[in-house]
Amino acid sequence: MTKTANIYKPFKVTLEKVIEESPLIKTFVFVPEKEFRFQTGEFIELTLDGIGEAPFTPSSSPLVTDRFDVTVMKAGYMTEKMHRLQPGAILGVRGPYGRGYPVEQFIDKEILILSGGCGLAPIRSLLYTLIDMKDKLRKVTLCYGSKTPEDCVYKPLFSQLDSMDKFETLRTVDYADKYWEEHVGVATVLLDHVKVDLSNAVAVVCGPPVMMKFGTMKLLEMGFPEHLIYLSMEKNMSCGLGKCGHCMLGKYFVCRDGPVFTYDEIKDQPDIW
Ligand SMILES: Cc1cc2nc3c(=O)[nH]c(=O)nc-3n(C[C@H](O)[C@H](O)[C@H](O)COP(=O)(O)OP(=O)(O)OC[C@H]3O[C@@H](n4cnc5c(N)ncnc54)[C@H](O)[C@@H]3O)c2cc1C
Ligand code: FES
């Protein structure tokens, strides 16, 4: 009799380093026990022994296979425990799962990215991928919003991108301090300041549901076609494998059919925001 592999069995990862990004957000650098490959935008299920399991999207480059980063916002029980972890801690990982960003469809295009808060985690992984393929792209514009300057994550990433040909960043905060010299207002205000050639562009949106909703509406007003707006959707998940039904979004399972969808695919499903 052949033995069936246990699809729920995690592999081990060791926490190498913790980077404090903001008062509520930390990046965890993990060393996997075996080579770990994922596509940008796919997610993993991370297990903390005796505590629980939750979905996260790696925030590092998919080209690096001996380490990966997960950026976690303190939201409740498990993420609070994660924020207390010290280097050397052992966790479990299942995955990668789902459907990530179809980056091959971004070739020869302008990419306009709208992100907010911890939504920049999957986007950072996407940006590393886009940096790697920049010769095949026209332009990448990143619009990012956080509550305050202190809440803005990955600060060095912005200067790195601004120093690169074809990349441009715009940042805004809801509440500025006396040192802030960039935009003030919700993330969507940044869309008033971008110039984009709509005949050859795609948009990517990832952030809190309210930003996803109003960002998408604004992109539609600007003239982006529904099938060229890519949304990274979050639903409560359990199996991550299209089996338990926890993550249903109308006719879709977010874990299996997403988490990346085009607006056109999900716009008629109930309660998408
Ligand atoms: C595909 C996917 C990728 C994700 N990637 C990341 C990531 O890279 N970084 C990150 O910080 N978070 C990410 N999340 C959200 C993360 O899974 C939740 O914040 C986490 O499960 C909360 O666990 P908890 O035990 O700390 O909170 P709980 O005690 O379970 O809940 C605390 C609060 O968080 C809300 N919450 C719980 N689960 C989710 C969820 N899945 N989505 C949104 N809100 C939730 C609850 O409604 C509640 O209000 C992702 C979620 C999905 C579905
Ligand atoms: S999480 Fe179980 S079906 Fe999606």
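One numbering rule holds for all chains: residues counted from 1, following each sequence as written. For this description, chains carry letters from A and ligands carry numbers from 1, given in the order in which they are written. Where local features are concerned, this predicted model is filtered to residues with pLDDT of at least 70; where side-chain atom pairs are given and counted, the filter is 80 or more; whole-chain, interface and lining totals use all residues. Computation of side-chain values covers all heavy atoms of the structure but excludes hydrogens and water.

## Thoughts on the nonpolar core
1) Next: For this analysis, a nonpolar core means a set of buried residues of the types Ala, Val, Leu, Ile, Met, Phe, Trp, Tyr and Cys, connected via side-chain atoms within 4.5 Å. Relative accessible area decides the class of each residue, using a 1.4 Å probe on protein chains only: under 20% of the type maximum gives buried, over 50% gives exposed, and in between gives partly exposed. Within the largest apolar cluster, 32 residues are counted, with the highest numbers of intra-cluster contacts made by F106, I113, I123 and L130.
2) Next: Every helix listed is a DSSP run of H or I at least four residues long, and every strand listed is a run of E at least two residues long, numbered separately from the N terminus. Mapped by element, the contributors of at least two residues to this core are β7 (110-116), α2 (120-132), β8 (139-146), α3 (155-162) and β11 (201-206).
3) Next: Per-element tally for this core: the top contributor is α2, with seven residues.
4) Next: Core analysis: the next-biggest nonpolar cluster, separate from the first, contains 31 residues, A187, M211, M237 and I272 among them.

## What about the domain arrangement of the protein?
1) Next: A domain assignment, automatic or from a database, supplies the domain bounds used here. When cut into domains, the protein gives domain 1 (11-97) and domain 2 (103-232).
2) Next: Computed from C-alpha coordinates alone, the two centres of domain 1 and domain 2 are separated by 24 Å.
3) Next: What makes two residues a contact is simply this: any of their non-hydrogen atoms within 4.5 Å. In this assembly, 18 residues from domain 1 lie in contact with 16 residues from domain 2.
4) Next: Roughly 1300 Å² of surface becomes buried between domain 1 and domain 2 when both sides are summed, with 58% attributable to carbon and sulfur atoms.
5) Next: The largest contributions to the domain 1 side of the interface with domain 2 come from E21, T40 and S59, which together make up 35% of the buried area.
6) Next: Whenever a carboxyl oxygen of Asp or Glu lies within 4 Å of a side-chain nitrogen of Lys or Arg, that contact is scored as a salt bridge. Here domain 1 and domain 2 share one salt bridge between them. Two parts placed together each lose some accessible area under a 1.4 Å probe, and adding up what both lose gives the buried area.

## Quick notes on the pairing of strand β4 (residues 52-56)
1) Next: Two strands qualify as a pair provided DSSP detects at least 2 bridges between them. One ladder, built from five bridges, connects strand β3 (residues 43-48) with β4; its direction is antiparallel. Opposite E45, over in β4, you have P55 as the bridge partner.

## Structural notes on the pairing of β11
1) Next: Buried residues dominate β11, accounting for six of its six residues.
2) Next: Side chains A201, A203 and V205 of β11 all project onto a buried face; the interleaved residues V202, V204 and C206 project onto the opposite face, where all are buried too.
3) Next: Here six bridges tie β7 to β11, and the two strands are oriented parallel to one another. Its bridge partner lying in β11, L112 is registered against A203.
4) Next: As defined by bridge partners, β11 adjoins strand β12 (residues 229-232) across three bridges and the pair is classed as parallel. Within the sheet, the bridge partner assigned to A203 lies in β12 and is I229.
5) Next: Each parallel crossover has a hand, and for β11 linked through helix α4 (residues 209-222) to β12 it is right-handed. By the criterion used throughout, a crossover qualifies as right-handed when its path from the first strand across the helix to the second strand runs clockwise, the strands pointing away from the viewer.

## Let's talk about the sheet that holds strand β2 (residues 25-32)
1) Next: Reading across the sheet, the six strands line up as β4-β3-β6-β1-β2-β5 and stay open at both edges, with antiparallel pairing between neighbours. If you trace the sheet from one side to the other, it starts and ends with β4 and β5 (68-73), each paired once. Adjacent strand axes in the sheet meet at a mean angle of 40°, parallel and antiparallel pairs treated alike. Orientation is described by lines fitted to C-alpha atoms, with helices fitted over the stretch in contact, and by angles between N-to-C directions that extend from 0 to 180 degrees.

## Some thoughts on the pattern of salt bridges
Side chains that differ in sign of charge can pair as their charged atoms come close.
1) Next: Summed over all chains, the structure comprises twelve salt bridges.
2) Next: We note a salt bridge from E35 to R37, for which the minimum N-O separation is 3.2 Å. An identical accessibility class is assigned to E35 and R37; each is exposed.
3) Next: We note a salt bridge from E182 to R171, for which the minimum N-O separation is 2.8 Å. Remark: R171 occurs in strand β9 (residues 167-173) and E182 occurs in the loop between β9 and β10 (183-184); sequence separation between them is eleven residues.
4) Next: Through salt bridges with shared partners, a single network forms among E16, D66 and R67.

## Here's the deal with the packing of aromatic side chains
1) Next: Only Phe, Tyr and Trp rings take part, Trp by its six-membered ring, and two of them pair if their centres are within 6.5 Å. Stacked means planes under 30 degrees apart, edge-to-face means over 60, and tilted covers everything else. Evaluation of the coordinates by the stated rule reveals ten aromatic pairs.
2) Next: Between F36 and F38, the ring centres sit 5.7 Å apart and the planes meet at 25°, which makes this aromatic pair stacked.
3) Next: Ring geometry for F106 versus Y230: centroids 5.3 Å apart, planes at 65°, classification edge-to-face. Linking F106 in the loop between β6 (90-97) and β7 with Y230 in strand β12, this pair joins segments that are 124 residues apart in sequence. With respect to burial, F106 and Y230 carry one shared label: buried.
4) Next: A cation sits over an aromatic face here: R124 above Y154, 4.2 Å from the ring centre. Should the NZ of a Lys or the CZ of an Arg lie within 6 Å of a ring centre and within 35 degrees of the ring normal, that charge is described as sitting over the ring.

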